[in-house]
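Summary of structural features
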Amino acid sequence: MANAIRKITLSSSRDIPFNKLMLSQANVRRVKAGVSIEELAESIVRRGLIQSLHVRPVLDAVGEETGTFEVPAGGRRYRALELLIKQKRLAKAALVPCVVSEADSGILIDEVSLAENIERAPLHPLDQFRAFLALRDKGMSEEAIAAAFFVPVQVVKQRLRLAAVSAELLEVYAEDGMTLEMLIAFTVCQDHERQEQVWDAIRSSWQKDPYHIRRLLTETTVRACDKRAVFVGIEPYEAAGGIVLRDLFQSDDGGWLQDVGLLDRLATEKLKAAADEIASEGWKWVEVAVSLPYGISHGLRELVGTIIDLTDEDRVAREALQVEYDSLSDEHDGIEELPEAVDQRFGELEAAMEVLDSRPVSFEPVELAIAGAFVSINADGSLLVDRGYVRLEDEAPVAGEEGDANEVDGDTDDPAMTVLQRSVIAIGGQPAQVDAEEEDDGIKPLPERLLIELTAHRTLALRDAAAQHPQAAMTMLLHKLVCDTFQHRSTTGCLEASIRHVFFPAQADDLKDSPSAKAIAERHRGWMQEIPDDDAALWDWLAGLDEASRMALLSHCISYGVNALHEKPNPYGGSGVSEHGLKLRLSQADRLTRATGLDMVEAGWRPTAGNYLGRVTKARILQAVAEGKGQAAADRIAHLKKGEMAREAETLLADSGWLPEPLRLPVIEAGGEETAAKGGITAMGIEHTIDDSDEAIDAPHAIAAA
């Protein structure tokens, strides 16, 4: 006969006055964890005591019950009730629901306390996310949910966003198929279909890092800090039906704009509206583009307008701003770190004075009738208008000099003009490139166009450096003149001493926004405001300049002839540069680099996916990261696809000082031989061997004698 199953008896429950309870010393919980006692007390006030206390009678010396009870399980609830009594929000004798166990049950009180804490199953995070969603669906606001559970509203928003991820991905998370960090990454995009596409693409891969998921979800978007987005504005974009992806869990710099086509249309429309307003001023033409290439005004005559005078009211306001600015400067002179309010006021004063100082320029009606303006978007997202340029075909012919004019119009032998007419193929505003996935594991020579673009950066930086070092510029000019006079060289070196402006047949999009381009343009505008238009007056003006000004102007003019461009040598002679001429040009460019102390890193060049990393093979990307950040960093991105690898490499190399070979200065070894700088690039991007030859290189006469 089978043994009968023994039935258990559950402990009885009853209400016990709080002043008859005491916290057991056998309670195993010693470390504070989870919700604070204060928050638990507020929860009891709002919802009541959801879970009873577990108590056991206290016996006296002879084993009789004393009428008091100790609490081995529920210590935090006991302390919360105790706090409410201290706050006089609960009576001392308030009845507390308790489960009473037998004092002589044979089970140690410590075991009861331990089991109560160990056997409690924590709520899965997904259940919490869904519970918050259910509360909101039943009418509770996000603020009310946050107040009810003592968390910030932002936390509620985050958990609701997690609950809104694709149901398929939530099930994967529930079954521990992905981590919480990975699920958080999917919240960037609210398109369930796109979320599932990305998960299908990476689920069998070991590359499932959250940053990788975010990148895949936002790869076809535009950052909110993009100049087009800043120009248009987020609110107009959203009002037009655009969607902004936002990351609630980490800084996203404003998010990502999903509809790039809409953004481009809005930017174009706003530019067109601005162009219409500018055209109403009377200009013959207005050229509009989101980005204008560097050198677009080359070959055009720039008008010198008259700055409109300040009104009496504006002059008084400008003087008041300056007085306040000077007073604040004197008051806080010598203070290393200004108070936040003072620093903010300095910024406001500077901005207000800049508005008054940046007054518009007026032009004569006869000039407006033949000139035009360029309209584009500045790098900071503001409207950029450059007025007052006259095209060659719009110049009025000078009476009695028709022959000269025709000669100018028909002059097509100028190499600079020939270069200017070359076409640059572009797709969607970007230079045409080979398919990003086309790969060759070997380190191949750099593409011809990329070499030209890189050396265009160097040429522009060298021009700026030469203009800032009059002594080096003079030495360079003398070197060219001595070679022509005494050595009768037929090849042209680094300096086009005509001076003939050298244009760039290929250029990266970021060239016109480089610090060198801006410095040259600012310097040129400064001289333009000084130089007289009349030829006779110009001669007298030049003769009256002091020596420093003459040298500075000479350096500026010489700088426009600097040519450090790589060109494909023509082995058959004729037009173009020979192999020997190219070597001579680049070696003289290196010499000028040393003489001016030019450093391309200090000049503002940084490797990006657009100007280098996305244009070379994966092997070269890894080589660059290994040289700039170490082999370990290169190994970490070796598994990525080329596009992702280029973007990661851009982040890694941002402040490394790494430069590609065409932008490095060759190392001069003992004996005067030059070798290309390879590994061990210094923080400034140039590895330089110090030896006795350095003094000779730095000396001005060494350049002329080389």
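Throughout, residues of each chain are indexed from 1 in the direction in which the sequence is written. Residue-level local features of this predicted model are given only where pLDDT is at least 70; pairs of side-chain atoms are given and counted only at 80 or more, and the full residue set underlies all totals for whole chains, interfaces and linings. The basis for the side-chain values is all heavy atoms of the structure; hydrogens and waters are excluded.

Helix and strand assignments follow DSSP, with helices taken as H or I runs no shorter than four residues and strands as E runs no shorter than two, numbered in order from the N terminus. The helix and strand inventory of the protein chain stands at 29 helices and 18 strands. Per-residue burial over the protein chain gives 37% buried out of 706 residues. Partitioning the contacts of the protein chain with sequence separation of at least 6, the portion at a separation of at least 24 is 72%. As displayed, the protein chain offers around 40000 Å² of accessible surface, 53% of which is attributable to carbon and sulfur atoms. Residue exposure (1.4 Å probe, protein chains only): buried if accessible area is under 20% of the type maximum, exposed if over 50%, otherwise partly exposed. Contacts are residue-level and defined by heavy atoms, with any inter-residue pair within 4.5 Å sufficient. Only the protein chains shown count as covering a residue, and every accessible area follows the Shrake-Rupley method with a 1.4 Å probe.

DSSP bridges decide pairing: two strands pair if at least two such bridges lie between them. The strand order across the open sheet formed by 4 strands is E9-E13-E14-E10, and the pairing between neighbours is mixed. Where the open sheet ends on each side, the last strands, each with one partner, are strand E9 (285–288) and strand E10 (301–302). Strand direction decides the pairing type here: E10 and strand E14 (residues 383–390), joined by 2 bridges, are antiparallel. Looking across to E14, one finds that Glu302 is bridged to Tyr389. Simply put, an axis is a line fit to the C-alpha atoms, just over the touching stretch for a helix, and the angle between two N-to-C directions goes from 0 to 180 degrees. Here helix H13 (residues 260–279) sits on the sheet in contact with E9, strand E13 (371–377) and E14, set at roughly 155° to E13.

The next subject is the sheet that holds strand E5 (residues 95–100). If you trace the 5 strands from one edge of the open sheet to the other, you get E1-E5-E3-E4-E2, paired in mixed fashion. Edge positions in the open sheet fall to strand E1 (12–17) and strand E2 (21–23), since each of these has one partner strand only. Here the average twist between neighbouring strands, direction ignored, is 50°. This element, helix H2 (residues 75–86), spans E2, strand E3 (53–59), strand E4 (65–73) and E5 of the sheet and lies at about 120° to E2.

Attention shifts here to the pairing of E5. Burial along E5 is one-sided: the face carrying Val96, Cys98 and Val100 is buried and the face carrying Leu95, Pro97 and Val99 is not. Of the strand pairs in this sheet, E1 and E5 are connected by 6 bridges, and their pairing is antiparallel. Paired with Ile16 across the strands is Val96, a residue of E5. Two strands pair when backbone bridges link them, and E3 and E5 are joined in this way by 3 bridges, in the parallel orientation. Of the residues in E5, the one forming a bridge with Val55 is Val100.

Moving on, we get to the side chain of Lys642. Mapped onto the secondary structure, Lys642 falls in helix H27 (residues 642–653). Exposure remark for Lys642: the relative accessible area of 8% places this residue in the buried category. Looking at Lys642, its side chain comes within polar contact range of the main-chain oxygen of Val616, at 2.7 Å. Polar contact is the term for a pair of N or O atoms within 3.5 Å; when the atoms are in protein, one must be able to donate a hydrogen and the other to accept it, and sequence-neighboring residues count only if both atoms are side-chain atoms.

Take the side chain of Ser24 next. Among the structural elements, Ser24 can be located in the loop between E2 and helix H1 (37–47). According to the relative accessible area criterion, Ser24 is buried, its value standing at 5%.

All right, on to the packing of helix H4 (residues 125–137) against helix H6 (residues 153–163) then. Between two packed helices, both the angle of their axes relative to each other and the distance between the axes serve to describe the pair. Orientation of H4 relative to H6, taken along the N-to-C sense of each, is 100°, at an axis distance of 8 Å. For the element pair H4 / H6, the angle class is roughly perpendicular. Contacts from Gln128, Phe129, Arg130, Phe132, Leu133 and Arg136 in H4 reach Val156, Arg159, Leu160, Leu162 and Ala163 in H6. Here the contact of H4 with H6 is composed, by residue class, of 7 nonpolar, 1 polar and 3 charged. Each angle gets one of four labels, with under 35 degrees taken as roughly parallel, over 145 as roughly antiparallel, 65 to 115 as roughly perpendicular, and the rest as oblique. The nonpolar class holds Ala, Val, Leu, Ile, Met, Phe, Trp, Tyr, Cys and Pro. Asp, Glu, Lys and Arg form the charged class, and all remaining residues, Gly among them, are polar.

Counting buried positions along E13 gives 7 out of 7 residues, so the element sits mostly inside the fold. Residues of E13 alternate between two faces, with Ala371, Ala373, Val375 and Ile377 on one and Gly372, Phe374 and Ser376 on the opposite face, all of them buried. For E9 and E13, the ladder comprises 4 bridges, and the chain directions are parallel. Residue pairing in the sheet places Trp285 in a bridge with Gly372 of E13. Pairing of E13 with E14, which is carried by 7 bridges, proceeds in the antiparallel orientation. When the sheet's bridge partners are listed, Gly372 is paired in E14 with Tyr389. Counted along the chain from E13 to the antiparallel partner E14, the turn is 5 residues long, and its residue Gly381 has a positive phi close to 90°.

An α-helix turns once every 3.6 residues. As a result, residues three or four positions apart point the same way. Buried within H1 we find Leu40, Ala41, Ser43 and Ile44. Buried positions in H1, seen along its axis, are confined to an arc of 160° and lie on one side of it. Those residues of H1 that are exposed and angled more than 90 degrees off the buried face are Glu38 and Arg46. Packing partners of the buried residues in H1 comprise H2. Our arc is simply the arc of the directions from the helix axis toward the C-beta atoms.

Here is a general trend for soluble globular proteins: nonpolar side chains tend to be buried in one another's company. We define the nonpolar core as a collection of buried residues of types Ala, Val, Leu, Ile, Met, Phe, Trp, Tyr and Cys that are connected through side-chain atoms lying within 4.5 Å of one another. Judged by nonpolar contacts, the single largest core of 35 residues is most densely connected at Tyr612 and Leu613. When residues of this core are traced back to their parent elements, those giving at least two are helix H19 (448–468), helix H24 (579–596), helix H25 (618–629), helix H26 (631–637) and H27. Broken down by element, the residue count for this core peaks at 6 residues, all from H19. Beyond its immediate chain neighbours, meaning those up to four positions away, Leu613 contacts Pro607, Thr608, Ile621, Ala624, Ala646, Ala649, Glu650 and Leu653. By size, the runner-up hydrophobic cluster in this structure holds 25 residues, among which are Phe186, Cys189, Val198 and Leu217.

Residues at a pLDDT of 70 or more form 78% of the protein chain, whose mean pLDDT is 77. Between the elements of the protein chain, mean pLDDT differs from a low of 27, seen in strand E15 (residues 426–427), to a high of 92, seen in H25. The low-confidence segment residues 400–438 (pLDDT under 50) makes 30 contacts with residues lying over four places distant or belonging to another chain. The quantity known as pLDDT measures the predictor's confidence residue by residue, on a range of 0 to 100.

Time to look at unusual backbone geometry. Notably, Lys88 is not glycine yet its phi reads approximately 60°, a positive angle. On the secondary structure map, Lys88 appears in the loop between H2 and E5. Lys88 gets classed as exposed once you look at its relative accessible area, which sits at 76%. The phi torsion at Asp176 lies on the positive side, around 60°, for a residue other than glycine. Looking at the element boundaries, Asp176 is found in the loop between helix H7 (167–174) and helix H8 (180–186).

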